[in-house]
Amino acid sequence: MEPFKTHTGVVAPLDRADVDTDQIIPKQFLKRVERTGYGAFLFYDWRRTPDGEPDEGFVLNRPEHAEASILVAGSNFGCGSSREHAAWALRDYGFRVVVAPSFADIFLGNADQNGLVALTLQDADVAELMRRAREHAPYRLTVDLETRVVSDEHGFRAGFPMDDFRRTCLLEGLDRIGLTLRHEDSIRAYEARRWPSLAGS
Amino acid sequence: MTGPRTLFQKVWDAHLVHSEPGEPDLLYVDLHLLHEVTSPQAFDGLRMVGRRVRRPDLCVATVDHNVPTTDRSLPVLDAVARRQMEVLRRNVEEFGIRIFDVTDERQGIVHVIGPELGLTRPGMIIVCGDSHTSTHGAFGSLAFGIGTSQVEHVLATQTIPQQRPRSMEIRVDGTLPDGVSPKDVILAVIGQIGVSGATGHVIEYTGPAIRRLSMEGRMTICNMSIEAGGRAGMVAPDETTFEYVRGRELGPSDEEFDSLVEEWRSLASDPGSTYDKRAVLNAAELEPQVTWGTNPGMVVPISGRVPSPEEAPDEASRESLERALEYMALSPGTAIGDISLDRVFIGSCTNARIEDLREAASVVRGHRVHDGVHAMVVPGSGQVKKQAESEGLDRIFREAGFEWREAGCSMCLGMNPDTLSPGQRCASTSNRNFEGRQGRGGRTHLVSPSVAAAAAVEGRFVDPRALRD
């Protein structure tokens, strides 16, 4: 997993709450067996009109947000299906960070596994970022994971909560399976208690 | 000394492999369910670094999301879907995992076959790369959905690191009126607490109305815990649970059953247990429910009306309400009973068990599907289908004009050919009414099996009790 220390990039404001993973990556793209190549299908139905033409009103289709790598969205982002394809699609498209007032639990876990920094700010800060991103596009923001601070060059500055374990895993790009395998002895001991017959094998 | 513990705390504590301050707890997984959509990249990850599956004996796979629900002897026409199913077959063979494949009578939706086969038991930790894994919590197990990287993690280690969620009690008092089903209870719960009302929490459903439910009813309720944002939903095991588990094909043997029941009895939350959050509903006040919008919290009683943006408490809710009305092509104030339908779908891991099909059939019996409505029933598993056929339910549906299909997820998410066309309006017993969920531009109303059945007959929403009288 790619480590994340600090990142400065253009913000795309997606001013909607309860953005579900069916919107982030619709079901027809879940039949693939690869981890990559989902970026083109990100927000597939929102990026197109019913006729299949690009919808110029949608934030990611606007030239001033074209290079966006930081998505700012409403509360409960990533609700619904557990599909990790949602995190893969956001990363593959080029997003490194999603900022929202809150996230759905499974999405948050999936983001962590893919070096996609999902961070929460207060409602008022998220609203302010959306305003700045709309009014001063292309609007650039810096996310510093080491200090847990989001800031811009025009005086915006807000700290965000993130527990040390999540932060360390993201900073160092740690392999979670490798971390768990440090506890192989504990796993073995647990299995020996539960299934004494397996202990000798 | 520890104080009183909840069901959730007991199951969590019993599975602790490793715990240290500042890190997530490491939990042992008793049962890992796999399907074709969220597993291929996980197996690939294992192969890339030469890892094995630690406990293939605790894994079970099936194909459900992609499978066509038409004639099983025909080839799968969608080449990408076919390949995904073939990849699962190759993976389970390579790693020695049991599969219930499309030709096996026991194939079905993963959350239907787990309980049905006796794989799901009280007190377990169960995971699956699917958010509706919460279904299995009906047995007093802790069951939750995970992403594909975590699927790989569980395959490799049989454990999962998790931050301990907070706890929430949802108590349902009173008695459910006749004609009001468990689906109506969970839709009303989500309507009350909202689609993120339980985020970060494991829900325990308690109260007399829950106690009186069958296992299938409890599964319907736990299934949609995720639609309230819950990490999982649980019901304490009782005699109803034990009787359901007893004698299942892959369940505990008769010899070990009695001692297991003793253990399972002790799982119930201790008197004096506390929860981080609570909500209470009175079942006696409930009516059949119908969602009108684009998330499951946008729900009203069947006698109600589509709300107006002016009723929204704040600007953000007003915008999402307006957007939902536009997508659903509904005007504020429209009576739910005036909404007419093009399609009816009875199926999904929420409502495709035998009791659901009986409930729907009892409404359909003696009626015909309304002109212009296309209605289908997709049983949750091969065994549900067989049971329904032995009771003659298939004949009731077919004679009324329903299609009677093979088991799978089908039009709940429309990954297989069963989808809505743009603009079509559907009464669906599934769990998500998100934009495009059942097909791009499709409009989904979530309802119980009897409301769906009545909608098929009348071509619009009607209280199913009116048809039975």
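Now for a quick tour of the structure. Per chain, residue numbering runs from 1 following the sequence as it is written. Chain letters start at A and ligand numbers start at 1, both assigned in the order the entries are written. Residues qualify for local features only when their pLDDT is at least 70, as the model is predicted, and side-chain atom pairs are given and counted only at 80 or more; totals for whole chains, interfaces and linings, by contrast, use all residues. The basis for every side-chain value is the complete set of non-hydrogen atoms in the structure, without hydrogens or water.

Our focus in this paragraph is the pattern of salt bridges. The salt bridge criterion pairs a side-chain nitrogen of Lys or Arg with a carboxyl oxygen of Asp or Glu, the two atoms within 4 Å. Tallied over the entire structure, the rule returns 53 salt bridges over all chains. Measuring nitrogen to oxygen at the nearest pair gives 2.9 Å for the salt bridge that ties D152 of chain A to R132 of chain A. Of the two residues, D152 of chain A sits in the loop between β6 (149-151) and β7 (157-159) while R132 of chain A sits in helix α4 (residues 123-135), which places them 20 residues apart along the sequence. In this scheme, a residue with accessible area under 20% of its type's maximum is buried, one over 50% is exposed, and one in between is partly exposed, where area comes from a 1.4 Å probe on protein chains only. Relative accessible area serves as the criterion here: at 16%, R132 of chain A is assigned to the buried category. With a shortest N-O distance of 2.9 Å, R164 of chain B and D13 of chain B are connected by a salt bridge. On the criterion of sequence distance, the pair formed by R164 of chain B in the loop between β8 (159-162) and β9 (166-173) and D13 of chain B in helix α1 (residues 7-14) is long-range, its members being 151 residues apart. Under the scheme used here, helices are H or I runs from DSSP no shorter than 4 residues and strands are E runs no shorter than 2 residues, and both carry numbers assigned from the N terminus.

This next bit is on helix α3 (residues 105-113) of chain A. Residues and elements named next belong to chain A. Buried residues dominate α3, accounting for seven of its nine residues. Among all positions in α3, only I106, F107, G109, N110, A111, D112 and Q113 are buried. Positive backbone phi, approximately 65 degrees, marks G115, located one or two places after α3.

What follows concerns helix α14 (residues 393-400) of chain B. Residue and element names in this part refer to chain B. Taken as a whole, α14 has its buried residues at L393, D394, I396, F397 and A400. Projected onto a plane normal to the axis of α14, the buried residues spread over an arc of 160 degrees and lie on a single side. Facing away from the buried side of α14 by over 90 degrees, the exposed positions are R395 and E399. Where α14 is buried, its residues meet α12 (354-364), β16 (374-377), α13 (382-390) and β17 (403-404). Positive backbone phi, approximately 105 degrees, marks G401, located one or two places after α14. Working definition: the arc comes from the directions between the helix axis and the C-beta atoms, pointing outward to the latter. Any two residues whose heavy atoms approach within 4.5 Å at even a single point are treated as in contact.

With that settled, the discussion passes to the interface of chain A and chain B. Listed by partner, the interface residues are 53 residues for chain A and 64 residues for chain B. Where chain A abuts chain B, roughly 4600 Å² becomes buried across the two surfaces, and 51% of that area is made up of carbon and sulfur atoms. Accessible area that two parts lose when put together, with a 1.4 Å probe and added across both, is what the buried area reports. A per-residue breakdown of the area chain A buries against chain B is headed by K27, K31 and V33 of chain A, which together make up 16% of the total. In this structure, the connection of chain A to chain B is made through 11 salt bridges. D30 of chain B serves as the salt-bridge partner of R194 of chain A, at 2.5 Å between the closest nitrogen and oxygen. N or O atoms within 3.5 Å of each other form a polar contact, as long as, within protein, one can give a hydrogen and the other can take it, and as long as residues adjacent in sequence are counted only when both atoms are side-chain atoms. Taken together, the links from chain A to chain B amount to 31 residue pairs in polar contact (both at pLDDT 80 or more). Mapped by element, the contributors of at least two residues to the side of chain A that touches chain B are α1 (21-24), α2 (85-93), α3, α6 (176-181) and α7 (184-194) of chain A. If you tally residues by element for the side of chain A that touches chain B, the top one is α7 of chain A, at eight residues. Split by residue class, the side of chain A that touches chain B holds 16 nonpolar, 14 polar and 23 charged. The residue classification treats Ala, Val, Leu, Ile, Met, Phe, Trp, Tyr, Cys and Pro as nonpolar and Asp, Glu, Lys and Arg as charged. All others, Gly included, are polar.

Residues and elements named next belong to chain A. By the secondary structure assignment, C169 is in helix α5 (residues 164-172). Sequence separation between C169 and D18 is 151 residues; the distance between their C-alpha atoms is 27 Å. Ignoring any residue separated from it by four or fewer positions in sequence, one finds C169 in contact with M1, L174, R176 and L179.

Attention now goes to the sheet that holds strand β12 (residues 277-282) of chain B. The strands making up a sheet are joined through hydrogen bonds of the backbone, oriented either antiparallel or parallel. Residue and element names in this part refer to chain B. Pairing is parallel across the open sheet formed by four strands, whose spatial order is β11-β10-β9-β12. Each edge of the open sheet carries a strand with a single partner, namely β11 (232-234) and β12. Taken pair by pair, the neighbouring strands of this sheet meet at an average axis angle of 20 degrees, ignoring direction. Bridge analysis of β9 against strand β10 (residues 201-206) gives six bridges, and the strand direction is parallel. Its bridge partner being in β10, I170 is matched across the sheet by Y205. Across the sheet, α1 is in contact with β9, β10 and β11; its angle to β11 comes to roughly 115 degrees. Two strands make a pair as long as DSSP finds a minimum of two bridges between them. Axis lines are fitted through C-alpha atoms, for helices just across the contact stretch, and the angle between N-to-C directions can take any value from 0 to 180 degrees.

Residues and elements named next belong to chain A. Structurally, V98 can be placed in strand β3 (residues 97-100). Looking at V98, the relative accessible area reads 0%, which means it is buried. Separated by 36 residues in sequence, V98 and R134 place their C-alpha atoms 16 Å apart. The contact partners of V98, leaving out residues within four places of it in the chain, are L71, F77, L90, F103, L116, V117, A118 and L119.

Next up on the list: the sheet that holds β16 of chain B. Residue and element names in this part refer to chain B. A sheet is described by the order of its strands in space; here five strands give the open sequence β17-β16-β15-β18-β19, paired in parallel fashion. Either end of the sheet is taken by a strand with one partner, and the two such strands are β17 and β19 (443-446). Where β16 and β17 come together, two bridges link them in parallel fashion. Residue pairing across strands places M376 opposite E403, the latter belonging to β17.

The subject of this paragraph is the packing of aromatic side chains. Residue and element names in this part refer to chain B. Aromatic pairs are defined between Phe, Tyr and Trp rings, using the six-membered ring for Trp, whenever the two ring centres lie within 6.5 Å; interplanar angles under 30 degrees are classed as stacked, those over 60 as edge-to-face, and all others as tilted. Counted under the stated rule, the structure contains 20 aromatic pairs over all chains. Centre to centre, the rings of F139 and Y244 are 5.4 Å apart; their planes meet at 65 degrees, and the pair counts as edge-to-face. On the criterion of sequence distance, the pair formed by F139 in the loop between β6 (125-128) and β7 (142-145) and Y244 in helix α9 (residues 239-245) is long-range, its members being 105 residues apart. Grouping residues by exposure puts F139 and Y244 together as buried.

Residues and elements named next belong to chain A. Only one face of strand β5 (residues 140-144) is covered, namely the one carrying L141 and V143; the face carrying R140, T142 and D144 has none of its residues buried. Pairing analysis gives five bridges linking strand β1 (residues 6-14) to β5, with the strands arranged antiparallel. For H7, the partnering residue across the bridge sits in β5 and is V143. In the sheet, β5 pairs with β6 via three bridges, with the strands oriented antiparallel. When the sheet's bridge partners are listed, V143 is paired in β6 with V150. Counting the residues between successive antiparallel strands, the hairpin from β5 to β6 contains four residues, one of them, R148, with a positive phi of roughly 55 degrees.

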